[in-house]
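If you want the building blocks of each chain, they are given just below.
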Amino acid sequence: EVERLVVEKFANSMHEDPKRFPDKALSLASKTLKIGPVLKTTKNKKTGEVTKKMLKSKPVLPFYILDFGYVVLGHTKPLVFRATNMSEMPLTIYTEHDHLAEYGFSVDPERVKNLPELPGNCTQDFVVHFDPRGANLSLGPVEVVLPLNILSGPYIPVILRANVTMPDLTVNSD
């Protein structure tokens, strides 16, 4: 309920003044989900003048965990999670997925545009695949954050977790 109220308050403030928080306000460093203002530096190509501007960061909601459990090296495993729009406005959700491939993860769809509000068809399934061999991973645990970026809204961090394993069988003559 608290999450819903935070998102609703933020979305309403964005609806009143959409230029208050630019969509690209957080850079690639936002994937670490640091809270606080971000310094944006821009350079004028013609004059070479450098301008610095402090941008307010987007709120970050609590983490969700998508645990793949044990995955045998050489096998792929898909898991599905569902996002439901509980607000009174359509939502656009971007998955910041560029860094996932090096950890063996991929997500589909990468973007959902104008997810309808209640009472319509307000849910979207996301399929996350884990392929440890495709990323040339060694045995052991793997963990990475998938930020779901709600346009003009907060970040929702989803922790993707798996443990790459190889079965071992010992035959005993007894």
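Look up: the structure comes first, before these words.
Each value, and the rule that gives it
- For every chain, the first residue of its written sequence is number 1, and the numbers climb from 1 along that sequence.
- Totals for whole chains, interfaces and linings use all residues, but because this is a predicted model, local features are given only for residues with pLDDT of at least 70 and pairs of side-chain atoms are given and counted only at 80 or more.
- Side-chain measures here rest on the full set of heavy atoms in the structure, leaving out hydrogens and waters.
- A pair of strands is treated as paired once DSSP finds two or more bridges between them.
- By definition, any uninterrupted DSSP run of H or I lasting at least four residues is a helix, any uninterrupted run of E lasting at least two residues is a strand, and each is numbered from the N terminus.
- Each axis is a line fitted through C-alpha atoms, taken for helices only over the stretch in contact, and angles between the N-to-C directions span 0 to 180 degrees.
- Here, the term nonpolar core denotes a set of buried Ala, Val, Leu, Ile, Met, Phe, Trp, Tyr and Cys residues that are joined through side-chain atoms within 4.5 Å.
- Only protein chains enter the accessibility calculation, which uses a 1.4 Å probe; a residue whose area is less than 20% of its type maximum is buried, one above 50% is exposed, and one in between is partly exposed.
- Here, residues are in contact when the closest pair of their heavy atoms is within 4.5 Å.
- Any pair of Phe, Tyr and Trp rings, taking the six-membered ring for Trp, is counted once the centres come within 6.5 Å. Such a pair is stacked with planes under 30 degrees apart, edge-to-face with planes over 60 apart, and tilted for the rest.
- By definition here, a salt bridge exists when the distance from a side-chain nitrogen of Lys or Arg to a carboxyl oxygen of Asp or Glu is within 4 Å.
- By the criterion applied in these results, polar contacts are pairs of N or O atoms within 3.5 Å in which, for protein atoms, one can donate a hydrogen and the other can accept it, and in which residues neighboring in sequence qualify only through two side-chain atoms.

**Quick notes on the sheet that holds strand S7 (residues 111-115)**
Inference 1: Judged by pairing direction, the sheet is mixed, and its five strands sit side by side in the order S3-S10-S9-S5-S7 without closing on themselves. Each edge of the open sheet carries a strand with a single partner, namely strand S3 (64-72) and S7. Neighbouring strand axes in the sheet, compared pairwise and without regard to direction, differ in orientation by 20 degrees on average.

**Topic: the nonpolar core**
Inference 1: Counting residues in hydrophobic clusters, the biggest one holds 29 residues, and the most contacted among them are Phe 68, Ile 93, Phe 105, Val 128, Phe 130 and Leu 160.
Inference 2: Going through the elements one at a time, S3, strand S4 (77-84), strand S5 (91-95), strand S6 (105-108), S7, strand S8 (123-130), strand S9 (140-150) and strand S10 (155-165) are the ones with two or more residues in this core.
Inference 3: Every residue in contact with Ile 93, bar those within four places of it in the chain, is listed here: Ala 83, Glu 110, Arg 111, Val 112, Leu 115, Phe 126, Leu 148, Asn 149 and Ile 150.

**Section: the environment of His 129**
Inference 1: By secondary structure assignment, the location of His 129 is in strand S8.
Inference 2: Measuring from C-alpha to C-alpha, the distance between His 129 and Val 80 comes to 8.8 Å, with 49 residues separating the pair along the chain.
Inference 3: In contact with His 129, other than residues within four places in its own chain, are Phe 68, Lys 77, Pro 78, Gly 104, Phe 105 and Ser 106.

**What about the packing of aromatic side chains?**
Inference 1: The full count for this structure, using the stated rule, is four aromatic pairs.
Inference 2: On the basis of an interplanar angle of 50 degrees and a centroid distance of 5.9 Å, the ring pair of Phe 68 and Phe 130 is categorised as tilted. In this pair, Phe 68 is assigned in strand S3 and Phe 130 in strand S8, connecting sequence segments 62 residues apart.
Inference 3: On the basis of relative accessibility, which here comes to 1%, the residue Phe 68 falls in the buried class.
Inference 4: You can call Phe 130 buried: its relative accessible area is 0%.
Inference 5: For the ring pair Phe 81 and Phe 126, a centre distance of 5.2 Å and an interplane angle of 10 degrees mean the geometry is stacked. Of the two residues, Phe 81 is situated in strand S4 and Phe 126 in strand S8; the sequence distance between them amounts to 45 residues.

**Examining the pattern of salt bridges**
Inference 1: By the definition in use, this model includes two salt bridges.
Inference 2: Taking the shortest distance from any N to any O, the salt bridge between Asp 125 and Arg 82 comes out at 2.8 Å. Residue Asp 125 is located in strand S8, and its partner Arg 82 is located in strand S4; the two are separated by 43 residues in the primary sequence.
Inference 3: Across the pair Arg 161 and Glu 143 runs a salt bridge whose closest N-O atoms are separated by 2.7 Å. In this pair, Arg 161 is assigned in strand S10 and Glu 143 in strand S9, connecting sequence segments 18 residues apart.
Inference 4: Relative accessible area serves as the criterion here: at 29%, Arg 161 is assigned to the partly exposed category.
Inference 5: The exposure class assigned to Glu 143 is partly exposed, which follows from its relative accessible area of 46%.

**Considerations on the side chain of Asn 149**
Inference 1: Among the secondary structure elements, Asn 149 is positioned in strand S9.
Inference 2: The buried category is assigned to Asn 149, whose relative accessible area is 9%.
Inference 3: Separated by 3.5 Å, the side chains of Asn 149 and Glu 96 make a polar contact.
Inference 4: When near neighbours in sequence (up to four residues on either side) are disregarded, Asn 149 contacts Lys 58, Thr 92, Ile 93, Tyr 94, Glu 96, Pro 154 and Tyr 155.

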